[in-house]
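Secondary and tertiary structure notes
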Amino acid sequence: MKMPTWSPANTVVIAGAWASRNSGWNSGCGSPQRRHVLVFLGMMGVAVDYLVRYSISVAIVAMVQTPHLLTNASHDKEICPAAANTTHGGGADPHAEGEYDWSEEMTGVILGMFFWGYFITKAAGGRIAELVGARVTMAASLGASGLLSLLCPTAANLHPLALAGLRLAMGLVQGPAFPALYSLLARWSPPDELATMVSVSFSGMLLGNMVALGGSGLVVEWFGWRWVFWIGGLLALAWTPLWLALVRESPEEHPWITAEEKNLLAVNLDVKPRRRVPWVRVLRCWTFLAAILAEFSGSWVAALLTTEAPTFLTNQIGLSLQSSGYVCVVGTAVSYVFAIFYGKLSDSLIRRKYLTKVNVRRLLYAIGFVIICSSLIGIVLAKCDTVTVSIFVVVAMAGASVNMVTYQLTPMDLAPNYAGTLSGLIGIGNIGSFAAPLVTSKLLVDLENGWSATFLLGSGIYFLLGIFYIFVVRADIEPWNYYDEIEE
């Protein structure tokens, strides 16, 4: 099939074309299926979530006037000649247009406060969504985040700590959003469409990243940095009423669902949030614990490939800032396509009974496992070959997108009644996102080959924890999924 040229406008067309052979997708009805509307709005909501979350990393460059010295933080003896000629000269990029005289430390605090708030509420967010209602929880999360985004320029004018506090609040309100979406998808996904619906919905993370990294710079150039916050906030506020109007908590509650689709989703009638959680049984489940560790290693590698890659490609390899940005955007676009492909492939293998569900999870994780580990080692072995290093970075990012259809489906595989709660708890593994940059900075300062050690360590962590996941993963519904009935 000839692939259309990628653009944000045709992403859903691509997803729909790949999924059209599945039962239910493009079923010939005059109006779209309600579950597909949920997936589309879910993808848009996730994209807006990431846009609001990450666009500040571009906007803040135009906000501050403190010079950023373009020096290499490491005394790496393996630094490439191209990088040595450009980064060791002590030149400065003064950002003269910036309005605020903030220190590097204060800038780091502002950028990092969101993730502390997000980490706090994501673990509890799934339980909140199941008790309050996943649809309302996600709407409130993104709506409140949009309002706070609109206030960011005002907070910046008041004091940098005011902006940092606002970013903390944004993290707190965004934490429950993704567990809430998992809870909804557990009730709206037919078994043979589960991986596709999840991968398309959460591919919005990659779409939002592309817009945040690629579009925010244009917004700053054309309209000024304040519009980065205002556009993100307005998009979140525009999305919220659409979500509330077109999405319902379950198929049986939707007023516009067809009888055909309701019958198709009748298999999920027993998927309902429970008031009580069997905490002891959850914590004794090896597959669930393996999913947390897999999330830790996945977050660690994601931090290397997104947060650290631009610095590595510029300071160590010698690419320009613009070129390193292109590499990251291309990698994110490729990851987007592969995320949807992996979802389609997963559902196809299960539906056609080529493999059992658990072996599909193992196979796809093993594919990503080999791609990531070999690519991280390849980055080290390629040394100063800019083309080869860039290719390995893009390939590793494509391999990482397999996570959406492997361990991130664990909540729905084990206990769909607690999908929100479990997905939130698996988010504990996101601590890898904080740990990787800290360890990387330490290695760059202490070791002569700091970048090589960084990528080899990332490969080793992913290898060891990945082997554990492959051996202990299960995909059958656990008896404690029906904990209330068991107790009664």
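In every chain, residue numbers begin from 1 and rise along the written sequence. Side-chain atom pairs in this predicted model are given and counted only at pLDDT of 80 or more, local residue features only at pLDDT of at least 70, and totals for whole chains, interfaces and linings cover all residues. Remark: hydrogens and water are excluded; side-chain values derive from all non-hydrogen atoms of the structure.

Before going further, it helps to spend a moment on the overall build of the protein chain. Numbered from the N terminus, helices here are DSSP runs of H or I no shorter than four residues, and strands are runs of E no shorter than two. Assigned secondary structure in the protein chain consists of 22 helices and two strands. Of the contacts formed within the protein chain by residues at least 6 apart in sequence, a portion of 83% connects residues at least 24 apart. Per-residue accessibility takes into account occlusion by the displayed protein chains alone, with areas from the Shrake-Rupley method and a 1.4 Å probe. Looking at the protein chain as shown, the accessible area adds up to about 20000 Å², and 68% of this sits on carbon and sulfur atoms. We call two residues in contact whenever any of their non-hydrogen atoms come within 4.5 Å of each other.

To continue, consider the state of the cysteines. The disulfide criterion is simple: two cysteine sulfur atoms within 2.5 Å. Scanning the entire structure with this criterion turns up one disulfide. Disulfide partner of Cys80: Cys384, at an S-S distance of 2.2 Å. An S-S torsion of about -100° defines the bridge between Cys80 and Cys384 as left-handed. Remark: Cys384 occurs in the loop between helix H16 (357–382) and helix H17 (386–400) and Cys80 occurs in the loop between strand S1 (68–69) and helix H4 (81–87); sequence separation between them is 304 residues. Classification of residues uses two cut-offs on accessible area relative to the type maximum, computed with a 1.4 Å probe and protein chains only: under 20% is buried, over 50% is exposed, and between them is partly exposed. The exposure class assigned to Cys80 is buried, which follows from its relative accessible area of 2%.

Remark: nonpolar core denotes a set of buried residues (Ala, Val, Leu, Ile, Met, Phe, Trp, Tyr, Cys) joined through side-chain atoms within 4.5 Å. Formed by 78 residues in total, the largest nonpolar core has its most connected members in Met63, Leu185, Phe202, Trp225, Trp243 and Met412. Of the residues forming this core, the biggest block, ten residues, is contributed by helix H2 (residues 34–54). Setting aside chain neighbours within four positions, we find Met412 in contact with Tyr182, Leu185, Ala186, Leu194, Val198 and Ala419. Counting 48 residues, the second-largest nonpolar core is a separate cluster that includes Ala290, Val358, Val393 and Leu425.

On the surface, Leu218, Trp222, Phe223, Trp227, Ile231, Leu234 and Leu235 cluster together into a nonpolar patch covering about 710 Å² of accessible area. When residues of the nonpolar patch are assigned to their parent elements, the largest contribution, four residues, is made by helix H11 (residues 226–246). Topologically, Trp222 is positioned in helix H10 (residues 204–223). Relative accessible area serves as the criterion here: at 58%, Trp222 is assigned to the exposed category. Each patch is built from salt-bridge-free residues with over 30% relative accessible area, joining like charges within 9 Å and nonpolar side chains (Val, Leu, Ile, Met, Phe, Trp, Tyr) within 5 Å. Any carboxyl oxygen of Asp or Glu within 4 Å of a side-chain nitrogen of Lys or Arg constitutes a salt bridge here.

What follows deals with the environment of Ser55. Locating Ser55 in the fold gives a position in the loop between H2 and helix H3 (56–63). Taking C-alpha positions, Ser55 is 6.8 Å from Val228, a pair spaced 173 residues apart along the chain. Dropping the residues within four chain positions of it, Ser55 is found in contact with Tyr50, Ala212, Ser216 and Val228.

Moving on, we get to empty space enclosed by the protein. Within this scheme a cavity is a closed region of a 1 Å grid, computed over the protein atoms alone, that accommodates a 1.4 Å probe without allowing it to escape, whereas a pocket is open but has protein on both sides within 12 Å along at least five of seven lines; lining residues each have an atom within 4 Å of a point. Grid points are joined across faces, edges and corners, and a volume is the space filled by probe spheres set on the points. Applying the stated criterion to the full structure yields one cavity of 30 Å³ or more. Volume-wise, the largest cavity comes out at about 40 Å³. Looking at the largest cavity, the residues that line it are Tyr118, Phe119, Lys122, Ala123, Gly424, Gly427, Ile428 and Asn430. For the lining of the largest cavity, the leading source of residues is helix H5 (residues 104–132), giving four residues. Residue polarity follows a fixed list, in which Ala, Val, Leu, Ile, Met, Phe, Trp, Tyr, Cys and Pro are nonpolar, Asp, Glu, Lys and Arg are charged, and the others, Gly among them, are polar. A breakdown of the residues in the lining of the largest cavity according to their chemical character gives four nonpolar, three polar and one charged.

Attention now moves to the packing of H2 against helix H7 (residues 160–174). The interhelical angle for the contact between H2 and H7, taken along N-to-C directions, is 160°, at an axis separation of 11 Å. In terms of axis orientation, H2 runs roughly antiparallel to H7. As H2 runs across H7, the sense of the crossing is left-handed. Here Asp49, Val52 and Arg53 of H2 come into contact with H7, specifically with Arg167, Met170 and Gln174. A breakdown of the residues in the contact of H2 with H7 according to their chemical character gives two nonpolar, one polar and three charged. In this analysis an axis means a line fitted to C-alpha atoms, helices contributing only their contacting stretch, and an angle means the value between N-to-C directions, from 0 to 180 degrees. Comment on the angle field: the value is read as roughly parallel under 35 degrees, roughly antiparallel over 145, roughly perpendicular from 65 to 115, and oblique elsewhere. Crossings are assigned a handedness: left-handed for a near helix turned anticlockwise from the far helix by less than a right angle, right-handed for a clockwise turn.

In a pair of packed helices, the angle between the axes and the distance between the axes together describe the arrangement. At a minimum axis separation of 8 Å, helix H6 (residues 134–158) and H7 run at an interaxial angle of 175°. With respect to H7, the axis of H6 lies roughly antiparallel. From H6, Ser141, Ala144, Ser145, Leu148, Ser149, Leu151, Cys152, Ala155, Ala156 and Leu158 reach across to H7, where they touch Ala162, Leu163, Leu166, Ala169, Met170, Val173 and Gln174.

For the protein chain, the average pLDDT comes to 83, and 86% of its residues sit at 70 or higher. In this model, residues 66–74 is a region of pLDDT below 50 whose contacts with residues beyond four sequence positions or in other chains number 30 contacts. Contacts from residues 87–96, a stretch scored under 50 in pLDDT, to residues over four places away or in other chains number 26 contacts. Every residue carries a pLDDT, the predictor's confidence in it, which falls somewhere between 0 and 100.

Attention shifts here to unusual backbone geometry. Even without being glycine, Lys353 reaches a positive phi, approximately 60°. If you check the backbone angles, Lys383 has positive phi at about 55° while not being a glycine. Lys383 sits in the exposed class, given a relative accessible area of 54%.

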